[in-house]
Amino acid sequence: MPQGSNTTGKVKTMLSAFLNEAFPAMGNRTVNPPPIRKGILQACLLAGVIFSSCLQAAELSSSEIIPSEDTTPILTIKAADQQQRVSLADIEQLPLHDVSLQHPEGPEGVYSGVLLRDFLNAYELDDASRLRLIAVDNYSVFLKQAQLQEKAYLLVTRFDGAPVPRSQLGPLLVVVPEDAEAVLKGEEPLDKWIWGLATIDAG
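This structure is a prediction, so every number in the text was calculated from the model and none was measured.

Attention now goes to the sheet that holds strand β3 (residues 82-87). Sheet strands line up and pair through hydrogen bonds in the backbone, either parallel or antiparallel. The strand order across the open sheet built from five strands is β3-β2-β12-β6-β7, with neighbouring strands paired in mixed fashion. Every other strand in the sheet has two partners, leaving β3 and β7 (140-144) as the edge strands with one partner each. In this sheet, adjacent strand axes meet at a mean angle of 20 degrees when their direction is disregarded. The pairing of strand β2 (residues 73-79) with β3 spans six bridges and is antiparallel. Across the sheet, residue L75 finds its bridge partner in β3, namely V86.

The following block contains the structure:
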């Protein structure tokens, strides 16, 4: 279950306990509720804001997915004059994470994969000043190392536990979980998200 669900349940329990204390049960009698003091009103508003934030948060959590054994090459890595091809099995040797979100151009569900910075470290690309991520249709996203340190970019290998087909933006995507809600609201650009990822060029 996504981490956000546990947090939401805790907030609901805390909010329920607070309201029960502020407005105790009066049996079957019909009574007028006591006046709401300013402090109680502010606390209720704060609880509402916290509850809303928990519903919207797209938080990464450790995944229990069993790493793939598929050795079919799906991603090309270029660095200087060298290049190599890596598979789903290669990528999923790294720690896997889950995040539940609505993709701005795709379905809503659980996206799983590895942190892009972990992947870059594993393939000795972490010192590249700039990366070019290229999709199968040649669309490109450029990322600087500073950007990779500011936010967690997820290299997605699974959707709802299964490999991502080409028809659902696969086989690989890069998403920015903490920006998901802001992107949907038009408050953040979509220019650092990419799907149908085919090549990472660090040359």
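Having seen the structure, we can now continue with the description.
What follows deals with the pattern of salt bridges. Taken as a whole and judged by the stated rule, the model has three salt bridges. In this structure, R158 and E92 form a salt bridge, with 2.8 Å as the shortest nitrogen-oxygen distance. Residue R158 is located in strand β8 (residues 154-159), and its partner E92 is located in the loop between α3 (88-91) and β4 (97-102); the two are separated by 66 residues in the primary sequence. Assessed through its relative accessible area of 8%, R158 is described here as buried. With its nearest N and O atoms 2.8 Å apart, the salt bridge here joins K151 to D179.

Before going further, it helps to spend a moment on the nonpolar core. Soluble, globular proteins show a tendency: their nonpolar side chains are buried together. Judged by nonpolar contacts, the single largest core of 45 residues is most densely connected at F119, L133, L197 and I200. When residues in this core are grouped by element, the largest group, four residues, is from β8. Apart from the residues within four sequence positions on either side, I200 is in contact with L75, T76, I77, K78, L116, F119, L125, L131, R132 and L133.

So, on to the environment of G203. Tracing the sequence through the fold places G203 in the segment after β12 (197-201). In this structure G203 comes out as exposed when scored by relative accessible area, which is 76%. Taking the C-alpha atoms as reference, G203 lies 4.6 Å from A79; in sequence the two are 124 residues apart. With residues near it in sequence (within four places) discarded, G203 still touches K78, A79 and A80.

Further remarks concern the environment of I74. Note that I74 resides in strand β2. Linking I74 and S87, residues 13 residues apart in sequence, is a C-alpha distance of 5.3 Å. Sequence-distant contacts of I74, defined by excluding residues within four places in its chain, comprise R85, V86, S87, L88, I91, P171, L172, L197 and A198.

In terms of strand pairing, strand β6 (residues 130-135) meets β7 through five bridges, oriented antiparallel. The partner of I134 across the bridge, within β7, is S140. A loop of four residues connects β6 with β7, the two strands running antiparallel in sequence, and N138 in this loop sits at a positive phi of about 75 degrees.

Before going further, it helps to spend a moment on a positive patch on the surface. Side chains of K78, R130, R132 and K144 sit close together on the surface and give a patch of like positive charge. Mapped onto the fold, K144 is located in strand β7.

This paragraph deals with the side chain of H103. On the secondary structure map, H103 appears in the loop between β4 and β5 (108-115). For H103, a relative accessible area of 1% gives the class buried. At 2.9 Å, the side chain of H103 forms a polar contact with the backbone nitrogen of E105. In this structure H103 touches Y111, L169, L173, V175, W193 and W195, once residues within four positions along its chain are discounted.

The next thing to look at is the confidence of the model for the protein. Mean pLDDT over the protein works out to 81, with 72% of the residues at or above the 70 mark. Scored below 50 in pLDDT, residues 1-13 makes 14 contacts in the model with residues more than four places away or belonging to other chains.

What counts and how
- Residues numbered from 1 in each chain as written.
- Predicted model: local features only at pLDDT ≥ 70, side-chain atom pairs only at ≥ 80, totals over all residues.
- Heavy atoms only, no water.
- Pairing = 2+ DSSP bridges.
- Helix = DSSP H or I, 4+ residues; strand = E, 2+ residues; numbered from the N terminus.
- Axes fitted to C-alpha atoms, helices over the stretch in contact; angles between N-to-C directions.
- Salt bridge = Lys/Arg side-chain N within 4 Å of Asp/Glu carboxyl O.
- Buried < 20%, exposed > 50% of the residue type's maximum accessible area, 1.4 Å probe, protein only.
- Core = buried A, V, L, I, M, F, W, Y, C linked by side-chain atoms within 4.5 Å.
- Contact = heavy atoms within 4.5 Å.
- Patch = residues over 30% accessible without salt bridge, like charges linked within 9 Å, V, L, I, M, F, W, Y side chains within 5 Å.
- Areas by Shrake-Rupley, 256 points an atom, 1.4 Å probe, with all protein chains shown as cover.
- Lys, Arg positive; Asp, Glu negative; His and termini not counted.
- Charge placed at Lys NZ, Arg CZ, Asp CG, Glu CD.
- Polar contact = N/O pair within 3.5 Å; in protein donor to acceptor, adjacent residues only side chain to side chain.
- pLDDT = per-residue confidence, 0-100.

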